[in-house]
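Residue strings, one per chain:
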Amino acid sequence: MGDADKLPGRRSFLRGTGDADKLPGRRSFLRGVAGGVAGGVVAGGAAGYAVRAAQPEPAMAADTASLDGRLAAVPFHGRYQAGIVPPSQRQTAVISFDVTADSTSGLTDLFQTITSRARFLTAGGTPPPAGIDGPPSDSGVLGPTVVPDGLTVTFGVGSTLFDDRYGLAGKLPGRLTPMQPFPNDDLDPAQTGGDLILQLSAGNADTVLHALRDIAKHTRGGMQINWRIDGFTSPARPSGTVPRNLMGFMDGIANPPLSKAKELLWVQPGTAGEPDWTADGSYFVVRLIRMFVEFWDRVDVYEQQQMIGRDRATGFPMDAKSLFAAPDFGADPTGAVIPVNAHIRLANPRTPQTASSRILRRAYNYDRGIDQVGDLDQGLIFTCFQQDVKRQFEAVQTRLIGEPLVDYISPFGGGYFLALPGVRDAADWYGRALLT
Amino acid sequence: MLAMAMRKTRPLTIAMLAAMASLTACGGGGASNTISFNSASCGGTWTLAKPGWHTFELYNANDVGGEIDLIDPRTSGVYAEVAQFGPGTTQTMSLNVGSGRYAFRCLFEDTDPMTGPAVTVPGHVKGFTATVPVTNNELVGPAKEYQVYAAAGLKTLVGQTETLASDLQRGNLTAARRDWLPAHLTYETLGAAYDAFGNFDDEIDGRADALGVSNPQWTGFYRLEYGLWHGQSAAELTPYASKLVADVRSLLATWPTMEIPLIDIGLRTHEILENALEFQLTGHDDYGSGTTLATTLANIQGTRELLSLLHPLLVTRYPGLPGVYTWLNRLQTLLEAEHQPGGTWVPVSQLSASARQGIDAACSQALQELAPIASIAEPRNT
């Protein structure tokens, strides 16, 4: 609780030990910082950005039009992994594995097997039927013919893979570390980290689970599931807007445009401090964030909007008249309209100095049962991609330390990974440049 | 205790595929490209112009059900089968047909087996491999050997349970805790026989699950384990030990009259470890002694016994057999590493995360490798 005590906001107030009465209450704190906000609240959904007002260049991962559940195959082969830039599918599973292969050649077999299964599952097709020599080759969950359903398989490696087991210590990506705990975090070791991460996303839950069962069945000796979480993207409500998170706010409104991918998203060849094999990969941060939705639902909408910085109903920044308009923080230096500690303002101050910290967000909602007091265990699978974790995600998260929103959320797991470079063709495989 | 229900019926093992066949068939009945079967004709004449993926459409024009196999007429090896083929129904059979000789074989109820005309598929293309079925006769010998193996195990078990009972009669709980384990492990090596043991198994190795730990109807090894590691007195446990001895003796006496279904020999090669994964490696069946890793080792021994009995039948039929031993050996090594110097075992709940992952992964992969044996060693009438 030591760190939490330094934080403003009600949560730290509740947890304070001796001098709780000296801390400002939630309301006084919020209103105090906001400086007696009169008119409005401000922008955003979270830690994503993209200046879209001036020229509406499509943002990465922003299109939600194809969320109807019958998606075509996403080409598997390419310079980059296919599941990073396109719009979020409706369903996802994020699964952390630890490698149990007992040799480097076993690790290579594992990566090749994951590649061949991903290649088949994303393309779809008819699995061979069973003969009299064994059980069926496929679970049959998708019927006799496996449909692609927009499945993407995003595969990454964590820093623990680069210990002494497989001789990879000299190949550690330059910006890959274990996940750093931030002051408001309550990380559960059983739901944090892992040698490998797989994100399986598709139009439907059966497609995702079929893929998971298939990959697990073919890799039983090579890796074991460490933790997993399933998520979903809601339909845009109203239609034509952006899907909402479980706090009722549109989430991921702003993402950088694809034209910024070289500066923000992909590890560039020849980057100082990066082994050559990491080129065309992307750092993949996963944060599992519980939302205390019952508590949140007991907060009036005006306060909710102040904490976020956007109008809950429309998603508009509080100083603007359209969803994708950029908030003008420069015109509001004291936070009269959008408080200076509003989530969207801290996450993306929209200054030249902070432009290089932008990230590609690809968050999903999760919902999985109840906690010990009968409250719903709901929240966000926050995932983001970037070129440099410290310069980007950690810089954003550092700005967010102590934001008023921390009272209503609790990051409890996740990890830092490097999404591997893409599998270029039928002869290539995940991690070939790492393992050969 | 084995949780598997009896598995005597065989699921349909031919997946249905979209037809891709350049198949022509005649032989009466059904639509074009359909091969018809009746009491007088096992498929009639048919031709296949070239190798590759094909879906045969099969129509049962007979008034009884049965099984149709596509075989290599020279070896009687089976490429594909349609089991549970009801009268008046149509089923598909899909496979990668290689260059070679093919024939249908009909096994209708109350009818002598028939084999249709041999058909040659031209060229030099490799397709599915035909698996030569295992016959009932071939499994009689292994079943008898298993009967002998289990009888020997039960004899040993009588002595071990008597030792345990006498420890408790003398009030020596320390000795009872020591002597419980070898007795239990002996029983756990007899995995293939559990269904054959029938109700004896519930008495000897039943779980508390439905009964609850304080129900006097809960008896056997786990009941004793629970008492021995939860501070119960020797006086309280003695009646359970006596009942265990009586039940084991009674089983031994009955055993020669009990039959092992031939199909079980193949099924149990993976089912024993399926149960170990579900009940031992999860810690579910740890009633206090923390020895479920030792139990898993005993289960491996039981699995190995079955494999050795089936080895002559498997070695020519199952190319994955070496993988079975690779993973069983690896699992065994990982489990043995958790045997402590003082003779105790690390409870699964106290394993390091990496040790537990390694064990679970090896067991899961061993099961994956074992799974085909149930199909391959299923007795088929030929």
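Residues numbered from 1 in each chain as written. Chains lettered and ligands numbered in written order. Predicted model: local features only at pLDDT ≥ 70, side-chain atom pairs only at ≥ 80, totals over all residues. Heavy atoms only, no water.

Q: Honestly, the overall build of chain A in this entry has me stumped. Any pointers?
A: Of regular secondary structure, chain A possesses eleven helices and nine strands. Considering only intrachain contacts with a sequence separation of at least 6, the fraction spanning at least 24 residues in chain A is 80%. Of the roughly 16,700 Å² of accessible surface on chain A, a fraction of 56% belongs to carbon and sulfur atoms. (Helix = DSSP H or I, 4+ residues; strand = E, 2+ residues; numbered from the N terminus. Contact = heavy atoms within 4.5 Å. Areas by Shrake-Rupley, 256 points an atom, 1.4 Å probe, with all protein chains shown as cover.)

Q: Just checking my understanding: could you explain the side chain of A:Asn245 for this structure?
A: All names here are of chain A. Relative to the helices and strands, Asn245 is located in the loop between strand S4 (223-232) and helix H6 (261-264). At 2.8 Å, the side chain of Asn245 forms a polar contact with the backbone nitrogen of Met247. Among the polar contacts made by the side chain of Asn245, one reaches the side chain of Asp251 at a distance of 2.9 Å. Leaving out residues up to four positions away in the same chain, Asn245 has contacts with Asp251, Met291, Asn365 and Leu380. (Polar contact = N/O pair within 3.5 Å; in protein donor to acceptor, adjacent residues only side chain to side chain.)

Q: Got a minute to help me understand the nonpolar core in this structure?
A: The nonpolar side chains of soluble globular proteins are, as a tendency, buried together. Counting residues in each nonpolar core, the largest one holds 78 residues, and the members touching the most others are B:Tyr146, B:Phe197, B:Leu224, B:Trp255 and B:Ile373. Among the elements that line this core, the one with the most residues is helix H1 (residues 136-169) of chain B, at twelve residues. Sequence-distant contacts of B:Leu224, defined by excluding residues within four places in its chain, comprise B:Leu164, B:Leu168, B:Trp180, B:Leu237, B:Tyr240, B:Ala241 and B:Leu244. One finds A:Ile95, A:Phe111, A:Tyr166 and A:Leu198 within the second-largest nonpolar core, a separate group that totals 65 residues. (Core = buried A, V, L, I, M, F, W, Y, C linked by side-chain atoms within 4.5 Å. Buried < 20%, exposed > 50% of the residue type's maximum accessible area, 1.4 Å probe, protein only.)

Q: Hey, could you run me through the sheet that holds strand S2 (residues 34-37) of chain B in this one?
A: Across a sheet, strands are paired by hydrogen bonds formed along the backbone, either parallel or antiparallel in direction. Residues and elements named next belong to chain B. Spatially, the three strands line up as an open sheet ordered S2-S4-S7, and their pairing is mixed. Each edge of the open sheet is held by one strand with a lone partner, namely S2 and strand S7 (90-97). Averaged over all adjacent pairs, the angle separating strand axes in this sheet is 30°, with direction ignored. As defined by bridge partners, S2 adjoins strand S4 (residues 52-60) across four bridges and the pair is classed as parallel. Counterpart to Ile35 in the pairing with S4 is Leu58. (Pairing = 2+ DSSP bridges. Axes fitted to C-alpha atoms, helices over the stretch in contact; angles between N-to-C directions.)

Q: Help me understand the packing of aromatic side chains, please; the structure alone is not making it clear to me.
A: By convention here, two paired aromatic rings are described through the distance between centres and the angle between planes. Residues and elements named next belong to chain A. For the structure on display, the rule yields 28 aromatic pairs over all chains. Where Phe295 meets Tyr408, the ring centres are 4.4 Å apart and the plane angle is 45°; that geometry is what we call tilted. Taken together, the residues span a long stretch of sequence, with Phe295 in helix H7 (residues 293-297) and Tyr408 in the loop between helix H10 (390-400) and strand S9 (409-419) at a distance of 113 residues. The buried category is assigned to Phe295, whose relative accessible area is 18%. (Phe/Tyr/Trp six-rings, centres within 6.5 Å; stacked < 30°, edge-to-face > 60°.)

Q: Help me out: how do you make sense of helix H9 (residues 321-336) of chain B in this one?
A: Because each turn of an α-helix spans 3.6 residues, side chains separated by three or four positions end up pointing in the same direction. The end-to-end C-alpha distance of H9(B), which contains 16 residues, comes to 23 Å, matching closely the 22 Å that a straight helix rising 1.5 Å per residue would cover. Taken together, the buried positions of H9(B) are B:Leu321, B:Gly323, B:Val324, B:Trp327, B:Leu328, B:Arg330, B:Leu331 and B:Leu335. (Expected span 1.5 Å × (residues − 1).)

Q: How should I be thinking about the interface of chain A and chain B in this particular structure?
A: One frequent convention defines the size of an interface as the accessible area lost when the parts assemble. Contacts between chain A and chain B engage 22 residues on the former and 27 residues on the latter. Carbon and sulfur atoms supply 60% of the area buried between chain A and chain B, which totals about 1,900 Å² over both sides. Linking chain A to chain B there are one salt bridge. Summed over the shared surface of chain A and chain B, the result is five residue pairs in polar contact (both at pLDDT 80 or more). The greatest single-element share of the side of chain A that touches chain B, amounting to three residues, is contributed by S4(A). (Buried area = accessible area lost by both parts, 1.4 Å probe. Salt bridge = Lys/Arg side-chain N within 4 Å of Asp/Glu carboxyl O.)

Q: What is the right way to read the environment of B:His124 from this model?
A: Structurally, B:His124 is set in the loop between strand S10 (119-121) and H1. As for B:His124 and B:Gly98, which are separated by 26 residues in sequence, their C-alpha atoms are 7.6 Å apart.

Q: What exactly am I supposed to notice about the layout of surface pockets here?
A: Rolled over the atoms, a probe with the dimensions of a water molecule shows which regions are left empty. Counted as a void, the second largest pocket has a volume near 490 Å³. Elements with a minimum of two residues in the lining of the second largest pocket: strand S1 (91-99) and S4 of chain A together with H9 and helix H10 (353-376) of chain B. For the lining of the second largest pocket, the element with the most residues is H10(B), which contributes eight residues. Taken together, the residues of the lining of the second largest pocket break down into nine nonpolar, six polar and eight charged. (1 Å grid on protein atoms, 1.4 Å probe; cavity = no way out; pocket = protein on both sides within 12 Å on 5 of 7 lines; lining within 4 Å. Points joined across faces, edges and corners; volume = space filled by probe spheres on them. Nonpolar A, V, L, I, M, F, W, Y, C, P; charged D, E, K, R; others polar.)

Q: Teacher, can you tell me more about the side chain of A:Ser357 here?
A: Residues and elements named next belong to chain A. Note that Ser357 resides in the loop between helix H9 (343-347) and strand S6 (360-361). Classification of Ser357 as buried rests on a relative accessible area of 4%. Separated by 3.1 Å, the side chains of Ser357 and Arg399 make a polar contact. If near-sequence neighbours (up to four positions away) are discounted, Ser357 is found in contact with Arg391, Gln392, Ala395, Val396 and Arg399.

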